[in-house]
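The primary structure of each chain is shown beneath.
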Amino acid sequence: MGETYPKLRVAAVQAAPVFLNRDASVEKACRLIREAGAHGARLVGFPEGFVPAHPVWYHFRPATEKESHRLARELVKNSVEIPGPATEALGAAARAAKCYVVIGVCEKRPGAMGTLYNTQLFIDCHGRILGKHQKLMPTVGERLVHTGGFGDTLLTFDTEFGKLSGLICGENSNPLAIFALAAQGTGLHVASWPNHFSPSEHKMRDVVMFASRSLSYKANCFVLNCCGIISEEMKRVLPYAEADRAFLEEADNGGGTCIIGANSLVLAGPMGGEEGILYADIDLEDVVQAKLVHDYAGHYNRPDIFTLTVRSAVPTLFQRLDAPPGAPAPAEEVPQAGENAGEQ
């Protein structure tokens, strides 16, 4: 008897955070994880920046405007340290629900008061942190509050269902990022999306559909598209002009959550502008069928012609070079004539 491949129920969450409130957003996420687990989901995906929010105010407000500064400060104050109390609570919910969780968070370095990352956090069914993916290139207004991640988080993670991966928003259209994950054998992919795009762009739900079906076709994987929506609180806080208010009132500018099969066909959704959880029952053997035709990270490519190199080293801005044990202390430098500290 040959290999057997698992079947499982997956869940894509479509919801808005409790805007810029870390603890309340974590509490809401835990409730949704428990709900999805109670419905038999073994993998649950969440939107981009679900804890505590995505910096969507920059779609409307000038970067130097007073309210933009206030909102940015709240984003820093409510961001997530990994690990930390927020990740412990999310891990406990995943463990209780017996499911894997991929959730978008605004991440800050432990003990730091600045420098944020747009991050997907991966948690296993035992509540342990598998790892994270930090968005490589912040987009539009994100560049005012987020820095880019590095190649060390462009990874797949081992699960009992095979390889799991994730990308954030526009990364799901990045050919090199997609290929890097395909080359690592992803079979399940979580695409996390914000609450809405800017008024000058395509509607988010249209981009979600054509980008993720293309990703599925090229990587031979299932895709959970997890989209945010526009909450009543966001409609109140975000507008800068009357046109902004009209844009946010249109429910179709948010949402679009859907689940794509390994053959790039739509299995469930898309959802409208409502909040909820979308489910699909999937068979990982479908990945085998998709790869029989075009395995772009395997037999349907030419490594003698094309190769992709991912640099996983993280540059260090500050480094302390300590003397090895037993080495003499460096001699104190004696200022030369005319080199007194007070001289200009």
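The shown structure was predicted, so the numbers you read here are calculated from the model rather than taken from an experiment.

**Focus on the overall build of the protein chain**
Here comes step 1: Tallying secondary structure elements over the protein chain gives eight helices and 13 strands in all.
Here comes step 2: Here the C-alpha atoms of the protein chain give a radius of gyration of 23 Å, agreeing with the 20 Å that 2.2 N^0.38 yields for 344 residues.
Here comes step 3: If one aligns the C-alpha atoms of the protein chain with their principal axes, the spans along those axes are about 80 × 60 × 40 Å.
Here comes step 4: Burial status across the protein chain gives 51% buried among its 344 residues.
Here comes step 5: For the protein chain, the share of sequence-separated contacts (at least 6 apart) that also reach a separation of at least 24 residues comes to 72%.

**Here's the deal with the environment of valine 237**
Here comes step 1: Position of valine 237 among the secondary structure elements: in helix 6 (residues 232–237).
Here comes step 2: Overall, valine 237 belongs to the buried group, its relative accessible area being 10%.
Here comes step 3: Counting along the chain gives 170 residues from valine 237 to glutamate 67, while the straight-line C-alpha distance between them is 9.4 Å.
Here comes step 4: Apart from the residues within four sequence positions on either side, valine 237 is in contact with Phe19, Arg61, Glu67 and Leu71.

**Here's the deal with a nonpolar patch on the surface**
Here comes step 1: A cluster of nonpolar side chains, namely Tyr5, Val288, Leu292 and Val293, defines an oily patch on the protein surface of about 360 Å² accessible area.
Here comes step 2: If you trace the backbone, leucine 292 turns up in helix 8 (residues 285–293).
Here comes step 3: On the basis of relative accessibility, which here comes to 59%, the residue leucine 292 falls in the exposed class.

**Quick look at the pairing of strand 9 (residues 186–192)**
Here comes step 1: For strand 9, the buried fraction is high: seven of the seven residues fall into the buried class.
Here comes step 2: Examined bridge by bridge, strand 8 (residues 162–168) and strand 9 share six bridges and lie parallel to one another. For lysine 163, the partnering residue across the bridge sits in strand 9 and is threonine 186.
Here comes step 3: Assessed by its sense of winding, the connection that carries the chain from strand 8 through helix 4 (residues 175–183) to strand 9 is right-handed.
Here comes step 4: Bridging between strand 9 and strand 10 (residues 222–226) involves five bridges; their strand directions are parallel. Its bridge partner being in strand 10, leucine 188 is matched across the sheet by phenylalanine 222.
Here comes step 5: In this fold, strand 9 hands off to helix 5 (residues 204–219), which returns the chain to strand 10; that crossover is right-handed.

**What to know about helix 5**
Here comes step 1: Its 16 residues give helix 5 an end-to-end C-alpha distance of 22 Å, which sits within 8% of 22 Å, the value for a rise of 1.5 Å per residue.
Here comes step 2: Those residues of helix 5 that sit buried are Met204, Arg205, Val207, Val208, Met209, Ala211, Ser212, Leu215, Ser216 and Ala219.
Here comes step 3: Those residues of helix 5 that are buried lie in contact with helix 4, strand 9, strand 10, strand 11 (258–260), strand 12 (266–268) and helix 8.

**Digging into the environment of leucine 32**
Here comes step 1: By the secondary structure assignment, leucine 32 is in helix 1 (residues 22–38).
Here comes step 2: Those residues in contact with leucine 32 that sit more than four places away from it in its chain are Val13, Ala15, Phe46, Phe50 and Ile277.

**Quick look at the confidence of the model for the protein chain**
Here comes step 1: Taken residue by residue, the protein chain gives an average pLDDT of 94. The fraction at 70 or more is 95%.
Here comes step 2: Residue range residues 334–344 is modelled with pLDDT below 50. Its contacts to residues more than four positions away, or to other chains, number one contact.

**Describing unusual backbone geometry**
Here comes step 1: Backbone torsion omega between valine 51 and proline 52 reads -5°, so that peptide bond is classified as cis.
Here comes step 2: Of note, proline 52 is situated in the loop between strand 2 (41–45) and helix 2 (66–77).
Here comes step 3: Of the consecutive residues isoleucine 82 and proline 83, the connecting peptide bond is found in the cis state with omega at -5°.
Here comes step 4: Take proline 83: it is sitting in the loop between helix 2 and helix 3 (85–97).
Here comes step 5: Despite not being glycine, valine 140 shows a phi value in the positive range, around 50°.
Here comes step 6: By the secondary structure assignment, valine 140 is in the loop between strand 5 (129–134) and strand 6 (146–147).

The rules we used
Residues numbered from 1 in each chain as written. Predicted model: local features only at pLDDT ≥ 70, side-chain atom pairs only at ≥ 80, totals over all residues. Heavy atoms only, no water. Helix = DSSP H or I, 4+ residues; strand = E, 2+ residues; numbered from the N terminus. Rg over C-alpha atoms; globule rule 2.2 N^0.38 Å. Buried < 20%, exposed > 50% of the residue type's maximum accessible area, 1.4 Å probe, protein only. Contact = heavy atoms within 4.5 Å. Patch = residues over 30% accessible without salt bridge, like charges linked within 9 Å, V, L, I, M, F, W, Y side chains within 5 Å. Areas by Shrake-Rupley, 256 points an atom, 1.4 Å probe, with all protein chains shown as cover. Salt bridge = Lys/Arg side-chain N within 4 Å of Asp/Glu carboxyl O. Pairing = 2+ DSSP bridges. Right-handed = clockwise from strand over helix to strand, strands pointing away. Expected span 1.5 Å × (residues − 1). pLDDT = per-residue confidence, 0-100.

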